[in-house]
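# Observations on the model geometry
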Amino acid sequence: QVQLAESGGGLVQAGGSLRLSCTASGHTFRYYTMGWFRQAPGKEREFVAAMSWFGGSLYSADSVKGRFTISRDIAKATVYLQMNSLKPEDTAVYYCALDPEGAQAMAHGKPPDYWGQGTQVTVSS
């Protein structure tokens, strides 16, 4: 059973930083992608960033480019989302995701097969 354990959310002032972590377990995929989505109140869930696990292909949403960075620690089976220069509009529940297809598919609308439980990020003005 695939499990994605997230951590790192919280409350931060505008301009501040947070780092989210997500550790995957219970899967046997050799090739897969991990990524992050977010859902703000009253809005649809949206793609934030994705990384193919072994190839390292990266995709990120235009709204976070230059501010958010996705990275991975293969030995720890963990993906990170470093969020800098946070804005109030970044406030959302952030979800970790895993899918056996490539990062391009995740970035372009293919719903991931597996989701984490979500972690709240709140940015105050």
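Refer to the preceding data block for the structure.
Below is a short write-up of the structure. Since the structure is predicted, the reported quantities are computational estimates derived from the model, not experimental observations.

Scoring rules and cut-offs
- Residues numbered from 1 in each chain as written.
- Predicted model: local features only at pLDDT ≥ 70, side-chain atom pairs only at ≥ 80, totals over all residues.
- Heavy atoms only, no water.
- Buried < 20%, exposed > 50% of the residue type's maximum accessible area, 1.4 Å probe, protein only.
- Helix = DSSP H or I, 4+ residues; strand = E, 2+ residues; numbered from the N terminus.
- Pairing = 2+ DSSP bridges.
- Axes fitted to C-alpha atoms, helices over the stretch in contact; angles between N-to-C directions.

## A word on the pairing of strand S8 (residues 78-83)
- In terms of burial, S8 is a largely internal element, five of the six residues being buried.
- Sheet topology note: the strand S7 (residues 68-73)/S8 ladder contains six bridges and is antiparallel. For Phe68, the partnering residue across the bridge sits in S8 and is Met83.
- The loop that links S7 with its antiparallel partner S8 comprises four residues; one of these, Ala77, has a positive phi angle of about 50°.

## Side note on the sheet that holds S8
- Reading across from one edge, S1-S3-S8-S7 is the order of the four strands in this open sheet, with antiparallel pairing throughout. The open sheet has two free edges, formed respectively by strand S1 (3-7) and S7, since each of these has just one partner strand. Mean inter-strand twist for the sheet, computed between neighbouring axes without regard to direction, equals 20°.
- For strand S3 (residues 18-25) and S8, the ladder comprises six bridges, and the chain directions are antiparallel. Looking at S8, one finds that Leu18 is bridged to Met83.

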